[in-house]
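Observations on chain architecture
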Amino acid sequence: MLQASALAIGYGRRTVAAGIDLAVRRGEVLCLLGPNGAGKTTLFKTLLGLIPPLGGSVTIDGRPIDQLTRRALAQSMAYVPQAQVMEFAYTVLDLVLMGRTAHLGPFSAPRARDHERAHAALADLGIADLASAEANRISGGQRQLCLVARALAQDAPLLVMDEPTASLDLGNRLLVLERVRALSAQGYGVVFSTHDPDQARELATRVAVIADGGLAAYGAPHETLSGPILSAVYGVEVKIERTESGRYVVAPRS
Amino acid sequence: MAPPHADGAQRSAVVLVLLTVILLAAVLLASLLGPYPLTPGDVVSAVAARLAGDAAPEPIDTVLFKIRLPRVLAALLVGAALSAAGTSYQTLFRNPLVSPDILGVSAGAGFGAVLGILLSLPVIAIQGLGFATGLLTVGIVYTLARALRSQNEILVLVLAGIVVGALAGAGISLVKILADPYNQLPAITFWLLGSLSGIKVSDLQTVAPLVILGLVPLALLRWRIGVLSLGDDEAKALGVNVRVVRSVVIGAATLVTATAVSVSGVIGWIGLVIPHMARLLVGPRYDRVLPAAVLMGAAFLVLIGPVARSAARIEIPLGLLTALLGAPVFVWLLARGRRSWS
């Protein structure tokens, strides 16, 4: 469904990365890794149609995204940004209702059925009781879930999540990861950026590693998250170890 | 499962009804007060006479329909316009400290109007020139910001507004220096401080349609304008055509502010403080704040009129009075901490 072909990304005349080919289908989780400054955020903005590609194309179900209206695009792809404190103290429900915007007429405000959809999205994520709480006054993890709920209320089959676990403590991180896994099992396609290779290994159907102006690796987690690739990309010597419980984790080679 | 319409909607509906009642009461009260006091009975029978096609007995007819009501209705329109523009800009620029003149409209309109006074133009031409230079100033700011093609369009808009506004401010100072200090300079000073004392029925015939023309698109696009407060990227990803909605907000807010300033002079603080008061009552959602702020701003300026005329032996300029009231209220809002932005 979401596909990037020979994609070149960057701002203005400055190319950040090029030759990017990747795809996400329903029920899949594509994890995006890469060192700071490699272009993860630029790639996200390009995939979302927020900045134009410098070359190649991004398509949804075969249609180039620059031919879709904002509204049509929002109906096929929902964006989950990193949760931040907002200037205005919206309630969680208000924020989730904003996810309904692409389904409202240009001059309409949310109606009863939009409220129902918003409450259902909150219930899906187990935070129904937060509906009337102020979004700036709940925990970071809850706020992140609230933004996921907004994306669900958007009724788009594809979720694009920008480091949703970056600023979360262990408990909230595991909570968000568990929800993401459940959503992909429900049939959502998920693009998920993270700095944690172990998290990617747990979650991803496929992994794309962006570094040095292009995709350094793209494929199944066990192929892409190998010791040599991670060592080369991040410039530190690491190895993959198997724990007693059978999990694989990244560890320094020393 | 919570009810489909949470408590916020009910609360804001109740607030809107109350504010409407307060506005109507303010209009009635302001029509009664003045050097020639009227009774509610006078007003009712005068309005009834007019509706029947007759004139009310003099001097009630002149006092009510030629002097007081035009002033009251102009105050209503100007208060509504400035509050709507302030609410819209605070949402658009995601900054609760923004006021309607952020893009230089007041300075631009002020420059045109004082230039008109310097050239000894008739009142209607002074208003027209103020209106035109107000629109022109924001047009220049907007074009400049677009031409600079920055990644951060909002920041460039604000900076361009500061630059062009400062230029217009310099223009005002220049006109003051050139003006005749005995006749023109007092008129310029008085105009810049804001006043509605010279309003005529004919002024309303141009002001009312222009203010309504600006308020309608803001009301229609209320939900999408609110989504803009999340920032450009999020609003786009939620399906809002940011460029179109932002242009409509800037165009409509500029239209109503330029209209207000051209007829009333510069009345500050309303566009900054009233949206905050409205948010205290109905929460931060733009679709709820806009109508509440419009009603509050209208009622406030209607009520402030009689105070300006009766508090001292001379008529206190409205801009002075709104500053005297606005500044302490704003400090109080600040003291309430971040919650006051809610």
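1. Side note on the interface of chain B and chain A
Taken together, the 32 residues of chain B in the interface contact 30 residues of chain A. When residues of the side of chain B that touches chain A are traced back to their parent elements, those giving at least two are helix 9 (222–228) and helix 10 (232–237) of chain B. Broken down by class, the residue content of the side of chain B that touches chain A amounts to 15 nonpolar, 8 polar and 9 charged.

2. Notes on the packing of helix 5 (residues 123–148) of chain B against helix 6 (residues 153–178) of chain B
Residues and elements named next belong to chain B. Here helix 5 crosses helix 6 at 140 degrees, and the two axes come no closer than 8 Å. Taken together, the axes of helix 5 and helix 6 are oblique relative to one another. The chirality of how helix 5 crosses helix 6 is right-handed. Residue-level contacts link Thr137, Ile140, Val141, Leu144, Ala145 and Leu148 of helix 5 to Glu153, Val156, Leu157, Ala160, Gly161, Val164 and Ala168 of helix 6. For the contact of helix 5 with helix 6, the residue count by class is 10 nonpolar, 2 polar and 1 charged.

3. Some remarks on the sheet that holds strand 1 (residues 2–11) of chain A
All names here are of chain A. Strands sit in the order 2-1-4-5 across an open sheet of 4 strands; the sheet is antiparallel. Because the sheet does not close on itself, it has two edges, and the strands there are strand 2 (14–24) and strand 5 (63–64). Here strand 4 (residues 55–60) runs beside strand 5; their pairing, made up of 2 bridges, is antiparallel. Across the sheet, the residue bridging to Ile60 is Arg63, located in strand 5.

4. Here we look at the pairing of strand 11 (residues 238–242) of chain A
Residue and element names in this part refer to chain A. Where strand 11 and strand 12 (residues 248–252) come together, 5 bridges link them in antiparallel fashion. In the strand pairing of strand 12, Arg242 is matched with Tyr248. Counted along the chain from strand 11 to the antiparallel partner strand 12, the turn is 5 residues long, and its residue Gly246 has a positive phi close to 95 degrees.

5. So, the nonpolar core
Core analysis: the largest hydrophobic core is formed by 186 residues, its most contacted members being Val96, Ala149 and Val160 of chain A. Apart from the residues lying within four places of it in its own chain, the contact partners of Val160 of chain A are Phe44, Leu47, Leu48, Met77, Ala78, Tyr79, Val80 and Val191 of chain A.

6. A short note on helix 12 (residues 270–282) of chain B
Residue and element names in this part refer to chain B. With 13 residues, helix 12 should cover 18 Å at 1.5 Å per step; its first-to-last C-alpha distance of 18 Å lies within 8% of that length. Helix 12 sits mainly inside the fold: 10 of its 13 residues count as buried. Within the sequence span of helix 12, burial applies to Ile270, Gly271, Leu272, Val273, Ile274, Pro275, His276, Ala278, Arg279 and Val282. Downstream of helix 12 by a residue or two, Gly283 has a phi angle that is positive, lying close to 85 degrees.

7. Topic: the sheet that holds strand 10 (residues 214–219) of chain A
All names here are of chain A. Strand order in the open sheet made by the 6 strands is 6-7-8-3-9-10, with mixed pairing throughout. Two strands close off the open sheet at either side, each with one partner strand: strand 6 (77–80) and strand 10. Averaged over neighbouring strand pairs, the angle between their axes works out to 15 degrees when direction is ignored. Strand direction decides the pairing type here: strand 9 (residues 206–211) and strand 10, joined by 5 bridges, are antiparallel. Residue pairing for strand 10: Val207 is matched across the bridge by Gly219.

8. Describing the environment of Ala120 of chain A
Residues and elements named next belong to chain A. Examined against the element boundaries, Ala120 turns out to sit in helix 4 (residues 112–124). Accessibility expressed as a C-beta count within 10 Å gives 15 for Ala120, which makes it partly exposed. For the pair formed by Ala120 and Pro252, sequence separation is 132 residues and the distance between their alpha carbons is 44 Å.

9. Some points on the confidence of the model for chain B
In regions of low pLDDT, the predicted coordinates are not meant to be interpreted in detail. All names here are of chain B. Per-chain confidence: chain B averages 90 in pLDDT, with 96% of residues scoring 70 or above. Put simply, helix 14 (residues 318–335) is where chain B has its lowest mean pLDDT, 87, and helix 9 is where it has its highest, 97. Note on residues 1–5: pLDDT is under 50 here. Beyond four places in sequence and across chains, it has 8 contacts. Under the prediction, the complex receives an ipTM of 0.93, its pTM being 0.92.

10. Examining the packing of helix 3 (residues 60–92) of chain B against helix 11 (residues 242–264) of chain B
Residues and elements named next belong to chain B. Relative orientation of the contacting elements helix 3 and helix 11 amounts to 145 degrees, with a least axis distance of 9 Å. Here helix 3 runs over helix 11; the crossing is left-handed. Listed contacts from helix 11 to Ala74, Val78, Ala81, Leu82, Ala84, Ala85, Ser88, Tyr89 and Leu92 of helix 3 are Arg246, Val249, Ala253, Val256, Thr257, Thr259, Ala260, Val263 and Ser264. Looking at the contact of helix 3 with helix 11 residue by residue, the classes come out as 13 nonpolar, 4 polar and 1 charged.

11. Section: the environment of Cys31 of chain A
Residues and elements named next belong to chain A. Looking at the element boundaries, Cys31 is found in strand 3 (residues 29–33). For the pair Cys31 and Thr194, spaced 163 residues apart in the sequence, the C-alpha separation amounts to 7.1 Å. In this structure Cys31 touches Phe192, Thr194, Ala200, Leu203, Ala204 and Val207, once residues within four positions along its chain are discounted.

12. What to know about the pairing of strand 9 of chain A
Residue and element names in this part refer to chain A. For strand 9, the tally of buried residues reaches 6 of 6 residues, placing the bulk of the element in the interior. Of the strand pairs in this sheet, strand 3 and strand 9 are connected by 4 bridges, and their pairing is parallel. Bridge pairing in strand 9 places Leu30 opposite Arg206. Counted between consecutive antiparallel strands, the loop separating strand 9 from strand 10 contains 2 residues, among which Asp212 sits at a positive phi close to 50 degrees.

13. Brief notes about helix 5 of chain B
The periodicity of an α-helix, 3.6 residues per turn, causes residues three or four positions apart to be oriented the same way. In this model helix 5 of chain B runs 38 Å from its N-terminal to its C-terminal C-alpha over 26 residues, within 8% of the 38 Å that 1.5 Å per residue would give. Arg149 of chain B sits one or two positions beyond helix 5 of chain B and adopts a positive phi of about 50 degrees.

14. Observations regarding unusual backbone geometry
Residue Glu58 of chain B is joined to Pro59 of chain B through a cis peptide bond whose omega torsion reads 0 degrees. By the secondary structure assignment, Pro59 of chain B is in the loop between helix 2 (40–51) and helix 3. With a phi close to 40 degrees, Glu163 of chain A is a non-glycine residue in the positive phi region. Given 20 C-beta atoms within 10 Å, Glu163 of chain A falls into the buried group. One non-glycine residue, Ser120 of chain B, lies in positive phi territory at about 55 degrees.

Calculation rules
- Residues numbered from 1 in each chain as written.
- Chains lettered and ligands numbered in written order.
- Predicted model: local features only at pLDDT ≥ 70, side-chain atom pairs only at ≥ 80, totals over all residues.
- Contact = placed C-beta atoms within 7 Å.
- Helix = DSSP H or I, 4+ residues; strand = E, 2+ residues; numbered from the N terminus.
- Nonpolar A, V, L, I, M, F, W, Y, C, P; charged D, E, K, R; others polar.
- Axes fitted to C-alpha atoms, helices over the stretch in contact; angles between N-to-C directions.
- Parallel < 35°, antiparallel > 145°, perpendicular 65-115°, else oblique.
- Left-handed = near helix turned anticlockwise from the far one by under 90°.
- Pairing = 2+ DSSP bridges.
- Core = buried A, V, L, I, M, F, W, Y, C linked by C-beta atoms within 7 Å.
- Buried ≥ 20, exposed ≤ 12 C-beta atoms within 10 Å, placed from the backbone.
- Expected span 1.5 Å × (residues − 1).
- pLDDT = per-residue confidence, 0-100.

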